[in-house]
Amino acid sequence: MEIETILIHSCENNPLGAVGTPIFATSTFADAARHGYSYTRTSNPTREALEKTVAAAEGGRYGFAFSSGLAAEDALFACFDKIICANDTYGGTKRLLKTCYSASFCDVSDENALSSALTGTYGALVFAETPANPLMRVTDIGKTAAIAHAHNAYLAIDNTFLTPALQRPLSLGADAVVHSATKYLGGHHDSVAGCVATSGESLAEKLKNIINTKGNGLSPFESFLIKRGMETLALRMKKHCENAEEVFRYLKTRRDIKKIYYAGDPENEGYAVNSSQSSGAGGVISFEIDEEKVPEFIRSLKLIKFAESLGGNASLITHPFTQTHASLSGDEKAACGITKGLLRLSCGTESAVDIINDLERSANC
Ligand SMILES: *Cc1c(COP(=O)(O)O)cnc(C)c1O
């Protein structure tokens, strides 16, 4: 089946033939021996409906749903003794790794850097985002997986930015996929959630045990929201991509925009790799303006909200320096190219004309 169909039909054994996903708002279950459910921390049919959908969408055998994207990453990281993380990732991922784990950081796209970070390790996890937050740097998933596997390591990809509608890392060689389902999977700015998909049986056993032990699984109601959001994921991603393409063409005409970072830009360093491993560039574009113009630029916008997050129907703009990547030190920000003049725009599913008209208000700042 194609992804559009999988997203709608991958979990259909609902009681009474319910076509929508029932919300099992219950903490506990009687007669556990008869149907296999005992307590919602351990498992819940609504969460399982989402987990099956995530697994099917990513082409994996197992899916897991957590209370946030970071909770999903935390569960995954807890399964490994050694973690090697890409330099470019969501700021919260770095904070999690630095606070709670012994992790090292390197440019995972640099074959020598990754090989030397892996030398002497066994069973390590390599973790990368592609395209990465917020400069849209692209990592070659197949190549990175091959290097990881040659060192008896595993590769996990944060697929939040492109989603399985555009990119399926497991089919390219990755061992696990992570999502902030808060973003495109949910898609409506109404819930915080995270997911992991994998085909690895022993990794799946560990994750299942972690959900039961730590109690970080997603609630039935939130599971329902993300599952419902995913039914329209392929449709929405198409519109996000089209809008970003048009916004990119508009931004290129603006003299006050000094640099544009967009995976769909043929001049982007990672364009060829991204085109070879995905069917789109997603809806996020970062760009740089004069840093003193940032406050006025943001104030001039009426439709596009100045708010953290991305991937929902409403267009959002963020200032990574003070928001998503605020937890990084000055040196780290400089190393990742996160300047005070950098803005990240998540193109929603509104009309591209209205998004561009809104951006045009800032042209005379
Ligand atoms: C938002 C985000 C996260 C963290 O997810 P939460 O749901 O906010 O915990 C992780 N990775 C990426 C790429 C993100 O954009």
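Conventions used here
Residues numbered from 1 in each chain as written. Predicted model: local features only at pLDDT ≥ 70, side-chain atom pairs only at ≥ 80, totals over all residues. Heavy atoms only, no water. Domains from an automatic or database assignment. Contact = heavy atoms within 4.5 Å. Buried area = accessible area lost by both parts, 1.4 Å probe. Helix = DSSP H or I, 4+ residues; strand = E, 2+ residues; numbered from the N terminus. Buried < 20%, exposed > 50% of the residue type's maximum accessible area, 1.4 Å probe, protein only. Salt bridge = Lys/Arg side-chain N within 4 Å of Asp/Glu carboxyl O. Phe/Tyr/Trp six-rings, centres within 6.5 Å; stacked < 30°, edge-to-face > 60°. Lys NZ or Arg CZ within 6 Å of the ring centre and 35° of its normal. Pairing = 2+ DSSP bridges. Axes fitted to C-alpha atoms, helices over the stretch in contact; angles between N-to-C directions.

Overview of the domain arrangement of the protein
- With domains assigned, the protein is organised as domain 1 (3-230) and domain 2 (234-360).
- The distance between the C-alpha centroids of domain 1 and domain 2 comes to 25 Å.
- Each side of the interface is counted separately: domain 1 has 39 residues, and domain 2 has 40 residues.
- Buried area between domain 1 and domain 2, both sides added, is near 3,000 Å², and the carbon and sulfur share of it is 60%.

A few points about unusual backbone geometry
- In the segment running from Thr130 into Pro131, the intervening peptide bond is cis, with an omega of -5°.
- In this structure, Pro131 sits in the loop between β4 (125-129) and α7 (141-150).
- The omega torsion of the bond from Asn133 to Pro134 falls at -5°, within 30 degrees of zero and hence cis.
- Relative to the helices and strands, Pro134 is located in the loop between β4 and α7.
- Positioned with a positive phi, Asn152 is a non-glycine residue whose angle comes to about 55°.
- Inspection of the secondary structure assignment puts Asn152 in the loop between α7 and β5 (154-158).
- Residue Asn152 is classed as partly exposed on the basis of its relative accessible area of 40%.

Structural notes on the pattern of salt bridges
- According to the stated counting rule, one finds eleven salt bridges in the structure shown.
- With its nearest N and O atoms 2.9 Å apart, the salt bridge here joins Asp256 to Arg254.
- On the basis of relative accessible area, Asp256 is assigned to the partly exposed category, the value being 23%.
- Across the pair Asp358 and Arg361 runs a salt bridge, and its minimum N-O distance is 2.8 Å.

A closer look at the packing of aromatic side chains
- Evaluation of the coordinates by the stated rule reveals seven aromatic pairs.
- With centroids separated by 5.8 Å and ring planes inclined at 80°, the aromatic side chains of Phe77 and Tyr101 adopt a geometry described as edge-to-face. In this pair, Phe77 is assigned in helix α4 (residues 69-77) and Tyr101 in the loop between α5 (91-100) and β3 (103-106), connecting sequence segments 24 residues apart. An identical accessibility class is assigned to Phe77 and Tyr101; each is buried.
- Note on Phe287 and Phe297: the rings are 5.7 Å apart at their centroids and 50° apart in plane angle, and the pair reads as tilted. Separated by ten residues along the polypeptide, Phe287 in strand β9 (residues 284-288) and Phe297 in helix α13 (residues 294-300) bring together distant segments of the chain.
- Phe287 gets classed as buried once you look at its relative accessible area, which sits at 0%.
- Connected via pairs of aromatic rings, a cluster forms that spans Phe77, Tyr101 and Phe127.
- The ring of Phe105 has Lys98 lying over it, and the distance from NZ or CZ to the ring centre is 5.3 Å.
- Stacked on the ring of Phe321, the Lys or Arg Lys333 has its end atom at 4.2 Å from the ring centre.

Points about the sheet that holds strand β10 (residues 305-306)
- A sheet is described by the order of its strands in space; here five strands give the open sequence β8-β9-β12-β11-β10, paired in mixed fashion. Only two strands of the sheet have a single neighbouring strand rather than two, namely β8 (259-261) and β10.
- Across two bridges, the pairing between β10 and strand β11 (residues 316-318) is parallel. Within the sheet, the bridge partner assigned to Lys305 lies in β11 and is Leu316.

Description of the sheet that holds strand β6 (residues 176-180)
- Sheet architecture is open: seven strands sit in the order β1-β7-β6-β5-β4-β2-β3, paired in mixed fashion. The open sheet has two edge strands with one neighbour each: β1 (62-66) and β3. Averaged over all adjacent pairs, the angle separating strand axes in this sheet is 20°, with direction ignored.
- Alignment of β6 against strand β7 (residues 194-198), held across five bridges, turns out to be antiparallel. The partner of Val177 across the bridge, within β7, is Ala197.
- Contacts between α7 and the sheet are confined to β4 and β5, with β5 contributing the most and set at about 150° to the helix.

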